[in-house]
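Structural overview for review
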Amino acid sequence: MIFIFIAILIVIAIVVAKRMIVGTQNTGTDQADEAYELLEDEPSPKIKDAFISKTAWEHEDPGQSRKPGCYVILVYENKKTMRSAPADYELAYVGKSEKAVDTAATTQLIGEGNAELATAVKEDRKPYAVAVFHCDDYGMDIDDCYEALRKVFAGERLIKPVKKAKK
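This text gives an overview of the structure that appears in the document. (Residues numbered from 1 in each chain as written. Predicted model: local features only at pLDDT ≥ 70, side-chain atom pairs only at ≥ 80, totals over all residues. Heavy atoms only, no water.)

A short note on the pairing of strand S3 (residues 128–133)
Burial runs high along S3: 6 of the 6 residues are buried. Of the two faces of S3, the one holding Tyr128, Val130 and Val132 and the one holding Ala129, Ala131 and Phe133 are both buried throughout. Note that strand S1 (residues 69–75) and S3 share 6 bridges and pair antiparallel. Note on S3: the bridge partner recorded for leucine 74 is alanine 129. (Buried < 20%, exposed > 50% of the residue type's maximum accessible area, 1.4 Å probe, protein only. Helix = DSSP H or I, 4+ residues; strand = E, 2+ residues; numbered from the N terminus. Pairing = 2+ DSSP bridges.)

If you want it as structure tokens, here you go:
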């Protein structure tokens, strides 16, 4: 009987430890649970500051994973603003990819996507921050995640996506 009790305690401890690790990991482009929870609960511009603070931001090419998901690119006037007041970005771009989200974000950053973003990052050499969201890993639909991100960053600083011409 005591062995069963000890075994149950060990299993509970392992489950709790795994949940704690998943919720606090911010290595690379892994996002904490809190960022996703803000997207699920009430995505709106009101939560933008909290969302920005709970999100893991990269300041370089986000890498090359082959996972689907969404991404946010924030462009700043200068590095000082980027570090001291992350919610004071000049431009925000929200994108998604059904195949490789990291590649899609990189495509935008190297100037092969949105012209306004390319001008700011490539030509004007403004600092930027990138956050990648592997929505499926958290159980969110990519389209729902994308719409939630657009609601959070809604406003005049959000770059509108270019509509693709119908053939």
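Continuing now.
Some details on unusual backbone geometry
Glycine aside, a negative phi is what most residues show, and trans is what most peptide bonds show. In this model, arginine 125 sits at a positive phi of 55°, which is unusual for a non-glycine residue. Take arginine 125: it is sitting in the loop between helix H6 (115–123) and S3. By relative accessible area, arginine 125 is classed as exposed at 70%.

Observations regarding the state of the cysteines
Counted under the stated rule, the structure contains 0 disulfides. Looking at cysteine 70, it has no disulfide partner, and the nearest cysteine sulfur is the one in cysteine 135, 3.7 Å off. We classify cysteine 135 as buried; its relative accessible area is 0%. (Disulfide = S-S within 2.5 Å.)

Re the side chain of serine 97
Inspection of the secondary structure assignment puts serine 97 in strand S2 (residues 91–97). We classify serine 97 as buried; its relative accessible area is 13%. Once you skip the residues sitting within four places of it in the chain, serine 97 turns out to touch Pro68, Gly69, Ala104 and Ile142. (Contact = heavy atoms within 4.5 Å.)

Brief notes about the pattern of salt bridges
Enumeration according to the criterion identifies 3 salt bridges in this entry. Aspartate 137 is the salt-bridge partner of lysine 67, the closest N and O atoms lying 2.6 Å from each other. Taken together, the positions of lysine 67 in the loop between helix H3 (48–54) and S1 and aspartate 137 in helix H7 (residues 135–138) put the pair 70 residues apart, joining distant regions of the chain. For the salt bridge of glutamate 90 with lysine 126, the shortest nitrogen-to-oxygen distance reads 2.7 Å. Of this pair, glutamate 90 sits in the loop between helix H4 (79–84) and S2 while lysine 126 sits in the loop between H6 and S3, and the two are 36 residues apart along the sequence. (Salt bridge = Lys/Arg side-chain N within 4 Å of Asp/Glu carboxyl O.)

With respect to the sheet that holds S1
The sheet built from 3 strands is open, its strands ordered S2-S1-S3 with antiparallel pairing. Here the strands that pair on one side only, and so sit at the sheet edges, are S2 and S3. Adjacent strand axes in the sheet meet at a mean angle of 15°, parallel and antiparallel pairs treated alike. Across 7 bridges, S1 lies against S2 in antiparallel orientation. Looking across to S2, one finds that valine 75 is bridged to leucine 91. Sheet strands in contact with helix H8 (residues 142–152) are S1, S2 and S3, and its direction is about 175° off that of S2. (Axes fitted to C-alpha atoms, helices over the stretch in contact; angles between N-to-C directions.)

Looking at H6
By the burial criterion, the buried members of H6 are Leu117, Ala118, Ala120 and Val121. Along the axis of H6, the buried residues cluster in a sector spanning 170°; they form a single face. Turned more than 90 degrees away from the buried face of H6 sit Ala115 and Glu123, all of them exposed. Where H6 is buried, its residues contact S1, S2, helix H5 (101–109) and S3. In this structure asparagine 114 caps H6, since a side-chain oxygen of it lies 2.9 Å from the backbone nitrogen of glutamate 116. (Arc of directions from axis to C-beta. Polar contact = N/O pair within 3.5 Å; in protein donor to acceptor, adjacent residues only side chain to side chain.)

Side note on the packing of aromatic side chains
Applying the stated criterion to the full structure yields 6 aromatic pairs. Ring geometry for tyrosine 36 versus tyrosine 138: centroids 4.6 Å apart, planes at 10°, classification stacked. In this pair, tyrosine 36 is assigned in helix H2 (residues 33–41) and tyrosine 138 in helix H7, connecting sequence segments 102 residues apart. On the accessibility criterion, tyrosine 138 (25% relative accessible area) is partly exposed. One aromatic cluster in this structure is built from Tyr36, Phe51, Tyr89, Phe133, Tyr138 and Phe153. Sitting over the ring of tyrosine 146, lysine 96 keeps its end group 5.0 Å from the ring centre. The positively charged end of arginine 157 is found above the aromatic ring belonging to tyrosine 89, 4.1 Å away from the centroid. (Phe/Tyr/Trp six-rings, centres within 6.5 Å; stacked < 30°, edge-to-face > 60°. Lys NZ or Arg CZ within 6 Å of the ring centre and 35° of its normal.)

The quantities given are spatial measurements derived from coordinates; they are silent on function.
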